[in-house]
Amino acid sequence: MTAESQIEVLPPWCIKMTLQNILTQLGGGMLKTIILFFSTLIIALPLGLLVSFGRMSKLSIGKHFKPIKLITQIYISVMRGTPLMLQIMVVYFGPYYLFGIKISSAYQIYAAIIAFSINYAAYFAEIYRGGIESIPQGQYEAAKILGFSKSQTFFRIVFPQVMKRILPSITNEVITLVKDTSLAFVIAYAEMFTMAKRIAAKETSMIPFVAAGIFYYVFNLLVAIVMNRIEKKMAYYK
Amino acid sequence: MKMLEMKNIRKSFGDNEVLKNISFDVEKGEVLAIIGPSGSGKSTLLRSITQLETIDSGEIIICGDTLVSSTGYDGKAQYVSKKERAAISRHLGLVFQNFNLFPHFSVMRNITEAQRKVLGRSKEASEEIARKLLKKMGLENKENAYPCELSGGQQQRVSIARALALSPEILLFDEPTSALDPELTGEILKVIRELAEEKMTMIVVTHEMLFAEGVADKVIFMDKGYIIENGTPEEVFKNSENERTKAFLSNYNR
């Protein structure tokens, strides 16, 4: 039975009840989606910067072997080259299959956050790298002549300019992240999409999916508005 | 008193030797103009003094402090410690061809940031110094502007103020007017002329021959990594016997 035919046969007060019921149940899922979203950003944004430093590392053993650069290159390549859904499953089931550690459902949220963070850090790292490499050499030279230390040069001169340049790419990734959180359903982490699927099956209704769709859309609309604000704030110079 | 001593400087990029046994001195209060065609090594020379490039061999002494020497058996350049290098670079200020102002900082912060973070001056003291310098540069009403809101000539004057704010003993200019149109070039040359009158020690790499002739106390003409001429403007511009110098100067039909 489809949602429309259900709406047709049920009296209006009954739809209201069902809708309210569905939304309450979805509410818990929403909260978990939001937790997953913010936890991922809080970890992946700084982790990505660290990975980008590794990716640009010039530390070499011998003439051509650059171990840190190589390791981060492999890491980024694997993270970008395999499905996120698979990575979530590996992080969740890995401890059991590799070490025989019993998995409790309390581990779901951690597994989801770990998998999302290491995946998004790889993407963020490449965005940071692009931004850092786009800053003209003259900025470093001017900073050096003026006597700034390396960390002062990076955090006061280079990084603020990098942030402005990479903001549109970061916004793209953040919007993708909102939608990607639904992939956590593979380990039955009860985020928004998992809940919508469950309720839809139980109630034989399309409404949970519609509600979920609206939730993701509104969430992303808010993300876009916030990011746009930040972009405008940084538009005081060219 | 010698502010800068350059002795037998050699520098190669791969197989290409760009500085071939360069030696010269700069006295206190002197203005040295370095002229020569593109690729003659003038910019590399300036960048070697400011530690943006390292030399292969030779000796550089800045304000009496040895930056690099080549006294070892292999004749290779031996730089002093990182700490000493940083201290020596405090003697120098550099003005770039492309200004290299920090675009995300206001004019004021461009001038105060290094004073505060490098020299440890207070906000008030550094702003006072910045305002004085901006006034001198004719930019007293621009302290809250951002570099992108200024003309090229104004940006270059801000970058001169930024360099002067750290009270360098030698101010170096790397083609300071090459990115500017002729009208704006004049305002920069005027500033340098004023600094010359105040007996600021300066080294100016330039293509402005009239300026070099009019303002410099000494002129060095470089070509293909060699110093071809080193003398007063009179000697280099009027009385040179060297064919290469004459050919170069004839291109600037004055």
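Preceding block: the structure.
The notes below deal with the structure included here. Here the structure is a predicted model, which is why all the values come from computation and not from measurement.

1. Regarding the overall build of chain A
Scanning chain A from N- to C-terminus turns up nine helices and zero strands. The order of helices and strands in chain A, counted from the N terminus, is α-α-α-α-α-α-α-α-α. Taking 238 residues into account, the globule formula puts the C-alpha radius of gyration at 18 Å, and chain A, at 23 Å, lies well above it. Dimensions of chain A, computed from C-alpha atoms along their principal axes, come out at roughly 75 × 50 × 25 Å. Residues counted as buried form 43% of the 238 residues belonging to chain A. For chain A, the accessible surface area stands at approximately 13100 Å², while carbon and sulfur atoms represent 69% of it. The centroid of the 23 positive side-chain charges in chain A is displaced by 12 Å from the centroid of its 10 negative side-chain charges.

2. Side note on the packing of aromatic side chains
All chains considered together, the criterion is met by 20 aromatic pairs over all chains. Taking the centre distance of 4.8 Å and the plane angle of 65 degrees together, the rings of F37(A) and F219(A) count as edge-to-face. Linking F37(A) in helix α2 (residues 12-55) with F219(A) in helix α9 (residues 207-233), this pair joins segments that are 182 residues apart in sequence. If you follow K164(A) out to its NZ or CZ, it ends over the ring of Y237(A), 4.6 Å from the centre. Positioned above the aromatic ring of F102(B), the side-chain terminus of R162(B) is 4.7 Å from the ring centre.

3. A closer look at the sheet that holds strand β5 (residues 65-69) of chain B
Residues and elements named next belong to chain B. Strand order across the open sheet formed by five strands is β2-β1-β4-β5-β6, with antiparallel pairing between neighbours. The open sheet has two edge strands with one neighbour each: β2 (16-27) and β6 (78-79). Here strand β1 (residues 2-13) pairs with strand β4 (residues 57-62) via five bridges, running antiparallel. If you follow L4 over to β4, its bridge partner there is I62. The strands touched by helix α1 (residues 42-49) within the sheet are β1, β2, β4 and β5, with β2 carrying the most contacts at an inclination of about 60 degrees.

4. Regarding the nonpolar core
Formed by 50 residues in total, the largest nonpolar core has its most connected members in L26(A), F37(A), F116(A) and F124(A). Looking at this core, the elements that each hand over two or more residues are α2, α4 (84-99), α5 (107-133), α7 (150-180), α8 (192-203) and α9 of chain A. Top contributing element to this core by residue count: α5(A), with eleven residues. Sequence-distant contacts of F37(A), defined by excluding residues within four places in its chain, comprise V174(A), L177(A), V178(A), T181(A), F219(A) and V223(A). If you look at the next biggest cluster of nonpolar residues, it comprises 46 residues, including A161(B), L184(B), V191(B) and V219(B).

5. Details of helix α9 (residues 243-250) of chain B
Residues and elements named next belong to chain B. When α9 is considered as a whole, its buried residues turn out to be T245, F248 and L249. Looking straight down α9, one finds that the buried residues subtend no more than 95 degrees of arc, so they occupy a single side. Tucked inside the fold, the buried residues of α9 contact β3 (31-35), α7 (209-215), β10 (218-223), β11 (226-231) and α8 (233-238). Residue N242 occupies the N-cap position of α9, its side-chain oxygen lying 2.7 Å from the main-chain nitrogen of R244.

6. Section: a nonpolar patch on the surface
All names here are of chain A. On the surface, M206, V210, I214, Y217, V218, L221, L222 and I225 cluster together into a nonpolar patch covering about 760 Å² of accessible area. Along the chain, the position of Y217 falls in helix α9. For Y217, a relative accessible area of 54% gives the class exposed.

7. A few points about unusual backbone geometry
Residue and element names in this part refer to chain B. Residues other than glycine seldom take positive phi values, yet N21 does so here, at roughly 55 degrees. Structurally, the position occupied by N21 is in strand β2. Judged by its relative accessible area of 39%, N21 falls in the partly exposed class.

8. Digging into the packing of α7(A) against α9(A)
Residues and elements named next belong to chain A. The geometry of α7 relative to α9 is characterised by a closest axis approach of 10 Å and an angle of 165 degrees between their N-to-C directions. The angle between α7 and α9 falls in the class roughly antiparallel. In this structure, α7 crosses over α9, and the sense of that crossing is right-handed. Along the contact surface, α7 presents L167, P168, I170, T171, V174, I175, V178 and K179, while α9 presents Y216, F219, N220, V223, A224, M227, I230 and E231. Residues that form the contact of α7 with α9 fall into these classes: twelve nonpolar, two polar and two charged.

9. Describing the interface of chain A and chain B
On the chain B side, the residues contacting the 18 residues of chain A number 22 residues. It is I145(A), L146(A) and R156(A) that lose the most area in chain A upon contact with chain B, and together they represent 33% of the buried surface on that side. At the junction of chain A with chain B, the criterion picks out two salt bridges. One salt bridge connects R156(A) with E113(B), and the closest N-O pair in it is separated by 3.2 Å. Put simply, chain A and chain B have ten residue pairs in polar contact (both at pLDDT 80 or more) between them. Mapped by element, the contributors of at least two residues to the side of chain A that touches chain B are α6 (137-146) and α7 of chain A. Ranked by the residues each element gives to the side of chain A that touches chain B, the list is headed by α6(A), at eight residues.

Each value, and the rule that gives it
Residue numbers restart at each chain and count upward from 1, following the sequence in its written direction. Chains and ligands are labelled by the order in which they are written, letters from A for the one and numbers from 1 for the other. Restriction of local features to residues with pLDDT of at least 70 applies here, the model being predicted, together with a cutoff of 80 or more for giving and counting side-chain atom pairs; totals for whole chains, interfaces and linings are based on all residues. The side-chain values count all of the structure's non-hydrogen atoms but skip hydrogen atoms and water molecules. Helix and strand definitions follow DSSP, with helices as H or I runs of at least four residues and strands as E runs of at least two, each counted in order from the N terminus. In this treatment the radius of gyration is a C-alpha quantity, and the globule benchmark scales as 2.2 Å times the residue count to the 0.38 power. Categorising residues by exposure relies on relative accessible area from a 1.4 Å probe, with only protein chains included: less than 20% of the type maximum marks a residue as buried, more than 50% marks it as exposed, and the intermediate range marks it as partly exposed. Only the protein chains shown count as covering a residue, and every accessible area follows the Shrake-Rupley method with a 1.4 Å probe. Only four residue types enter the charge count: Lys and Arg as positive, Asp and Glu as negative, with His and the chain ends excluded. For the purpose of locating charges, the reference atoms are NZ of Lys, CZ of Arg, CG of Asp and CD of Glu. Between 30 and 60 degrees the pair is tilted, below 30 it is stacked and above 60 it is edge-to-face, where a pair is any two Phe, Tyr or Trp rings, Trp via its six-membered ring, whose centres lie within 6.5 Å. Criterion for a charge above a ring: Lys NZ or Arg CZ within 6 Å of the ring centre, and within 35 degrees of the ring normal. When DSSP finds two or more bridges between a pair of strands, those strands are recorded as paired. Should any heavy atoms of two residues lie within 4.5 Å, those residues are counted as being in contact. Here an axis means a line fitted to C-alpha atoms, over the contact stretch when the element is a helix, while the angle between two N-to-C directions is reported on a 0 to 180 degree scale. Side-chain atoms within 4.5 Å link the members of a nonpolar core, which is a set of buried Ala, Val, Leu, Ile, Met, Phe, Trp, Tyr and Cys residues. This arc corresponds to the set of directions leading from the helix axis out to the C-beta atoms. Polar contacts, as counted here, are pairs of nitrogen or oxygen atoms within 3.5 Å of one another; within protein the pair requires one atom able to donate a hydrogen and one able to accept it, and residues that are adjacent in sequence qualify only if both atoms are side-chain atoms. Distance thresholds for patches are 9 Å for like charges and 5 Å for nonpolar side chains (Val, Leu, Ile, Met, Phe, Trp, Tyr), applied to residues having over 30% relative accessible area and no salt bridge. What counts as a salt bridge is simple: a side-chain nitrogen of Lys or Arg found within 4 Å of a carboxyl oxygen of Asp or Glu. By definition in this entry, angles of less than 35 degrees are roughly parallel, angles greater than 145 are roughly antiparallel, angles of 65 to 115 are roughly perpendicular, and the rest are oblique. Left-handed describes a crossing whose near helix is turned anticlockwise from the far helix by less than a right angle; the clockwise case is right-handed. Under this grouping Gly is polar, as are all residues other than the nonpolar Ala, Val, Leu, Ile, Met, Phe, Trp, Tyr, Cys and Pro and the charged Asp, Glu, Lys and Arg. The term buried area denotes the loss of accessible surface (1.4 Å probe radius) that occurs when two parts are joined, taken as the sum for both partners.

Read these as layout, nothing more, since geometry by itself doesn't imply function.
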